[in-house]
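Spelled out, the chains give:
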Amino acid sequence: MLIRSFFTEKWRTLIIPIAAFAVLSTVLFFPQEQPDQLSEEHGQSLFEPIETAEQNKEVEAPVELVAEAITVAILVDVKGAVKHPGLYSMQDGDRLLDAIDKAGGYTEAADTRLLNHAQRLQDESVVYVPVAGEEPPVYEQPASASSSSDSSTSKVNINTANENDFQTLPGIGPAKAMAIVQYREEHGAFSQLDEIKNVSGIGDKTFEKLEPHIILN
């Protein structure tokens, strides 16, 4: 009996620490293995979707800023023989025809022969549509980007200038600028400055304003 009691107490002393160690090992080590198994099954860390979402936000923000920078509004005053004359907000790069469309289109009395529908619009410019037989009024137009550099001291060569160049001159709007270019194409280069008065719509008063700003060669 003494021997049996001895062995029983001895096994109790060994089994209790072993059982406690097994339980403690199960609690400490088994939960840590589950995330690793999930990571191996799905091929990625559980935290990767959060990092990817933040990276996407950083990429998308500059795109929105670029889209806002591309859109630039300009104001154009549309007058004359259009259905709804008025001040219209256009986009940089729009053409004269776009402004006419926004103003409701031409009236039946509109004379569009001298209008350049492909002309690029500029901020603060005036689009005037005359009626048949009318001489369009003169509006000061903003200087075009191509001739903005030192335009106060440079003169316009009437034998080589384009429509935008002519519109930088005092008293010359889109219609008269187009008329000058058409006259030059039909009759050849100007031989003297006052020959420009042969162009429809350019009289003595207009020529007096032009003469200090134009040259032949």
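As shown above, the structure is provided for reference.
None of these values were measured; they are calculated from a predicted model.

Basis of the calculations
- Residues numbered from 1 in each chain as written.
- Predicted model: local features only at pLDDT ≥ 70, side-chain atom pairs only at ≥ 80, totals over all residues.
- Heavy atoms only, no water.
- Core = buried A, V, L, I, M, F, W, Y, C linked by side-chain atoms within 4.5 Å.
- Buried < 20%, exposed > 50% of the residue type's maximum accessible area, 1.4 Å probe, protein only.
- Helix = DSSP H or I, 4+ residues; strand = E, 2+ residues; numbered from the N terminus.
- Contact = heavy atoms within 4.5 Å.
- Pairing = 2+ DSSP bridges.
- Axes fitted to C-alpha atoms, helices over the stretch in contact; angles between N-to-C directions.
- Lys, Arg positive; Asp, Glu negative; His and termini not counted.
- Salt bridge = Lys/Arg side-chain N within 4 Å of Asp/Glu carboxyl O.
- Polar contact = N/O pair within 3.5 Å; in protein donor to acceptor, adjacent residues only side chain to side chain.
- Expected span 1.5 Å × (residues − 1).

1. Section: the nonpolar core
Here comes step 1: Phe166, Ile172, Ile180, Phe190, Ile196 and Val199 are the most contacted members of the largest nonpolar core, which has 19 residues in total.
Here comes step 2: The set of elements that each furnish at least two residues to this core consists of helix H5 (174–187) and helix H6 (204–210).
Here comes step 3: Looking at this core element by element, the count peaks at five residues for H5.
Here comes step 4: Excluding residues that lie within four positions of it along the chain, Val199 makes contacts with Ala179, Ile180, Tyr183 and Phe190.
Here comes step 5: Counting 16 residues, the second-largest nonpolar core is a separate cluster that includes Val78, Ile100, Leu121 and Val129.

2. A closer look at the sheet that holds strand S3 (residues 125–129)
Here comes step 1: Taken together, the three strands give an open sheet; going across it, the order is S2-S1-S3, and neighbouring strands pair in mixed fashion. Unpaired on one side and paired on the other, strand S2 (86–91) and S3 mark the two borders of the sheet. Between one strand axis and the next, the sheet turns by 35° as a mean value, whatever way the strands run.
Here comes step 2: Alignment of strand S1 (residues 73–80) against S2, held across six bridges, turns out to be antiparallel. Bridge pairing links Ala73 to Gln91 in S2.

3. As for the side chain of Glu195
Here comes step 1: Mapped onto the fold, Glu195 is located in the loop between H5 and H6.
Here comes step 2: Of the side chains with opposite charge, Arg184 lies nearest to the buried Glu195, which makes no salt bridge, at 11 Å.
Here comes step 3: Here Ser191 takes part through its backbone nitrogen, which lies 2.9 Å from a polar atom of the side chain of Glu195.
Here comes step 4: Among all residues touching Glu195, those that are not within four sequence positions of it are Tyr183 and Phe190.

4. As for the environment of Gln91
Here comes step 1: Looking at the element boundaries, Gln91 is found in strand S2.
Here comes step 2: Gln91 gets classed as partly exposed once you look at its relative accessible area, which sits at 34%.
Here comes step 3: Here the alpha-carbon distance between Gln91 and Val76, two residues 15 residues apart in the chain, equals 9.9 Å.

5. So, the pattern of salt bridges
Here comes step 1: The tally for this structure, following the rule as stated, stands at three salt bridges.
Here comes step 2: Where Asp111 meets Arg113, a salt bridge forms, and the shortest distance between an N and an O atom there is 3.0 Å.
Here comes step 3: Its relative accessible area of 16% is what places Asp111 among the buried residues.
Here comes step 4: Of the charged contacts in the structure, one is a salt bridge between Lys197 and Asp204, with a shortest N-O distance of 3.0 Å.
Here comes step 5: When its relative accessible area of 32% is taken as the criterion, Lys197 is described as partly exposed.

6. Focus on H5
Here comes step 1: Between its first and last C-alpha atoms H5 spans 20 Å; for 14 residues at 1.5 Å apiece the expected length is 20 Å, and the two agree.
Here comes step 2: With 10 of 14 residues buried, H5 is to be regarded as a mostly interior element.
Here comes step 3: Buried residues along H5 sit against S3, helix H4 (163–166) and H6.
Here comes step 4: Just beyond H5, the residue with positive phi is Gly188, at close to 90°.

Interpretation note: all reported values are geometric properties and have no functional meaning in isolation.
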